[in-house]
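Overview (structure and organization)
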Amino acid sequence: METYGISPLAFWCAYAASNLVAMVLIWTAKKHPGFTKSAFFVIFIGAAAANTYIAIDSPWAYQDYADTAIPLYKQFILGAFEAIITPMILLIALAQLLIAVSMLFKGQFLITGCWAGIIFGISIAPLGLYAAFPATLLMAVALFVLQKNNGVEAKKKKPSKLSRIAAHALK
């Protein structure tokens, strides 16, 4: 297995770290959505920057993903994808940039960005180890939890009935 010129130890450390981060993001999506949004902003802005650079500098590197991809993806990567690598990856990078930007917002824009991230994570999971499988699926779960908790911090919860009675009694 060719690992982009990095040592096997570095590859497996990065793989393990990716999956650990993804698991942590599932937990933080409910408990600390602000942190999770910030983390996804960094992840997606970094991915957009890296993909833009690689797509322009050495687009053939994406053909290495065929090594660990499922057969259907492998056939596409080594076939039709070869002729459109740069524009396709630049389009993906633009989508990643938009997902990152959506993490700076609340409401419908955040929800839309989360769903785009979910679709992205599920879509690249069949690339296998080179996409840190199952990290992208775990990140999709974290994005789902995040969009379900959208606005929890922003919405002021109505005080409980007991709190309202106590406040009224203290007046």
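So, here is what we can say about the structure in this document. (Residues numbered from 1 in each chain as written. Predicted model: local features only at pLDDT ≥ 70, side-chain atom pairs only at ≥ 80, totals over all residues. Heavy atoms only, no water.)

A closer look at the environment of A50
One can find A50 in helix α2 (residues 33-57). Along the backbone, A50 and A93 are 43 residues apart, and their C-alpha atoms lie at a distance of 8.3 Å. (Helix = DSSP H or I, 4+ residues; strand = E, 2+ residues; numbered from the N terminus.)

With respect to the packing of aromatic side chains
For the coordinates displayed, the defined rule picks out 10 aromatic pairs. Judged by centre distance (6.0 Å) and plane angle (75 degrees), the rings of F11 and Y130 are edge-to-face. On the criterion of sequence distance, the pair formed by F11 in helix α1 (residues 8-31) and Y130 in the loop between α5 (107-124) and α6 (135-148) is long-range, its members being 119 residues apart. In this structure, F11 and Y130 share a single accessibility class: buried. In textbook terms, an aromatic cluster arises when at least three aromatic residues are bridged by ring pairs, as seen for F11, W12, Y15, Y62, Y65 and Y130. (Phe/Tyr/Trp six-rings, centres within 6.5 Å; stacked < 30°, edge-to-face > 60°. Buried < 20%, exposed > 50% of the residue type's maximum accessible area, 1.4 Å probe, protein only.)

Examining α6
With 14 residues, α6 should reach 20 Å at 1.5 Å per residue; the first-to-last C-alpha distance of 20 Å fits that figure. Burial in α6 covers these residues: A135, T136, M139, A140, A142, L143, V145, L146 and Q147. On its buried face, α6 sits against α1, α2 and α5. (Expected span 1.5 Å × (residues − 1). Contact = heavy atoms within 4.5 Å.)

Thoughts on the layout of surface pockets
Take a probe with the size of a water molecule and roll it over the atoms, and the empty space left behind shows itself. There is about 1,300 Å³ of room inside the largest pocket. Lining the largest pocket are 40 residues; nearest its centre among them are N51, Y65, I124, Y130 and A131. The residue inventory of the lining of the largest pocket, partitioned by class, reads 32 nonpolar, eight polar and no charged. (1 Å grid on protein atoms, 1.4 Å probe; cavity = no way out; pocket = protein on both sides within 12 Å on 5 of 7 lines; lining within 4 Å. Points joined across faces, edges and corners; volume = space filled by probe spheres on them. Nonpolar A, V, L, I, M, F, W, Y, C, P; charged D, E, K, R; others polar.)

Observations regarding the packing of α2 against α6
For the pair α2 and α6, interaxial distance at closest approach is 11 Å and the crossing angle is 135 degrees. When the axis of α2 is compared with that of α6, the two are oblique. Two packed elements cross with a definite hand, and for α2 against α6 that hand is left-handed. Contacts between α2 and α6 involve P33, T36, K37, F40, I43 and F44 on the former and, on the latter, M139, A142, L143 and L146. (Axes fitted to C-alpha atoms, helices over the stretch in contact; angles between N-to-C directions. Parallel < 35°, antiparallel > 145°, perpendicular 65-115°, else oblique. Left-handed = near helix turned anticlockwise from the far one by under 90°.)

Let's talk about the nonpolar core
Formed by 21 residues in total, the largest nonpolar core has its most connected members in L25, F40, F44, M103, C114, L143 and L146. Sorting the residues of this core by element identifies α1, α2, α4 (85-102), α5 and α6 as the ones contributing at least two each. Among the elements that take part in this core, α6 stands out by supplying seven residues, more than any other. Filtering out sequence-adjacent residues up to four positions away, F44 remains in contact with Q96, I99, A100, G117, F120 and L143. (Core = buried A, V, L, I, M, F, W, Y, C linked by side-chain atoms within 4.5 Å.)

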